[in-house]
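For reference, the chains in residue letters:
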Amino acid sequence: MDIKQIFQNNSDWVAKQMQTDKNYFDKLAQGQSPEFLYIGCSDSRVSAEELMGLEPGDVFVHRNIANMVPNTDINSMSVINYAVMHLKVNHIVVCGHYGCGGVHAAMQQSDLGILNPWLRNIRDVYRIHHKELDKITAEEDKYKRLIELNVQEQCINIIKTAEVQKANRDRSLKVYGWIFDIHTGKLIDLNINFDEILKDIMAIYKITD
Ligand SMILES: [Zn+2]
């Protein structure tokens, strides 16, 4: 693609937005108060606003390889801090997707250099759930289940943060684990019961004021 096409696309988009609402960009410039924080994969096929049917201004977005939330990653931790403490979002979504290359790479034994420590977080998810995963014989089903369990563990990492624990005491803040099914375009809610999963272990991670 000629890069000039991008600027043409942009001009067309500006004209279309202005046609619908001539004050569109004045309103956009006034500030943001999104209700959602979306943490998803960098995969080019999984674009947050598009799959949620939302518009600019609706979602605070963070994307990285395999929608990870490692507790020492200053990038995702800063995003959560800002979204929860300052933007005061009400919903935090971790959205994984079937066909995730990051999760697939973590299931292989290749040395991927700088990607090794990042992908090891996914291998740790496998280790936590190895009893369930080892029982799955079909490789494709195992891959899909690891994608789902990775979403679940990243949600748990979010719930462990002091920011989210504080927000939960002060207001209603919900965390959701979703999957984008790349084969059908459907969004799947994993309906993860965090209270049940965390009931015996949350005390370990509790942080009070
Ligand atoms: Zn992915």
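Residue positions are given per chain, counting from 1 as you read along its sequence in written order. Under the rules for a predicted model, residues below a pLDDT of 70 receive no local features and side-chain atom pairs below 80 are neither given nor counted, while totals for whole chains, interfaces and linings still include all residues. Only hydrogens and water are set aside; all other atoms, that is, all heavy atoms of the structure, feed into the side-chain values.

Draft legend 1. Structural view of the packing of aromatic side chains. Each Phe, Tyr or Trp ring (for Trp, its six-membered ring) is paired with any other whose centre lies within 6.5 Å, and the angle between the two planes then decides the class: stacked below 30 degrees, edge-to-face above 60, tilted in between. All told, the structure shown has five aromatic pairs when counted by the stated rule. Measuring from ring centre to ring centre gives 4.9 Å for Y24 and F25, while their planes differ by 85 degrees; the resulting arrangement is edge-to-face. The buried label applies to any residue whose accessible area, calculated with a 1.4 Å probe on protein chains only, is under 20% of its type's maximum; exposed applies above 50%, and partly exposed to all values in between. By relative accessible area, which is 25% here, F25 ends up partly exposed. Measuring from ring centre to ring centre gives 5.7 Å for F60 and Y82, while their planes differ by 45 degrees; the resulting arrangement is tilted. Here F60 is found in strand 2 (residues 59–64), whereas its partner Y82 is found in helix 4 (residues 74–86), with 22 residues between them in sequence. Helix and strand assignments come from DSSP, with helices taken as H or I runs of at least 4 residues and strands as E runs of at least 2, each series counted from the N terminus.

Draft legend 2. Helix 6 (residues 115–128), seen in detail. The span you would expect from a helix comes to 1.5 Å times its residue count less one. The end-to-end C-alpha separation of helix 6 is 20 Å, in line with the 20 Å expected for 14 residues at 1.5 Å each. The sharpest bend along helix 6 measures roughly 30 degrees and falls at N121. For helix 6, the full list of buried residues reads L119, I122 and V125. At its buried positions, helix 6 is contacted by helix 5 (101–106) and helix 8 (139–160). The angle between axes fitted to the seven residues ending at a residue and the seven residues starting there is what we call the bend at that residue. Here, residues are in contact when the closest pair of their heavy atoms is within 4.5 Å.

Draft legend 3. Looking closely at the nonpolar core. Of all hydrophobic cores here, the largest spans 42 residues; its most connected members are L37, I80, I92, V103, I122, I158 and F194. When residues in this core are grouped by element, the largest group, nine residues, is from helix 8. Leaving out residues up to four positions away in the same chain, L37 has contacts with F60, V79, I80, A83, V89, H91, I92 and V93. Counting twelve residues, the second-largest nonpolar core is a separate cluster that includes F36, Y38, C95 and Y176. Nonpolar core, defined: a set of buried Ala, Val, Leu, Ile, Met, Phe, Trp, Tyr and Cys residues in which side-chain atoms within 4.5 Å join the residues together.

Draft legend 4. Summary view of the coordination of the zinc ion. Note on the zinc ion: its protein donors are C41 (SG), H97 (NE2) and C100 (SG). The metal-donor distances range over 2.1 to 2.3 Å. For Na, K and Ca the donor cut-off is 3.2 Å, and for all other metals it is 2.8 Å, counting N, O and S atoms only; because water is absent from this set, sites may look incomplete. All donors of the zinc ion come from a single chain, and their spacing in sequence reads C-x55-H-x2-C. Placement of the pair is C41 in strand 1 (residues 36–41) and H97 in strand 3 (residues 91–97), with a sequence separation of 56 residues. H97 shares its class with C41; the two are buried.

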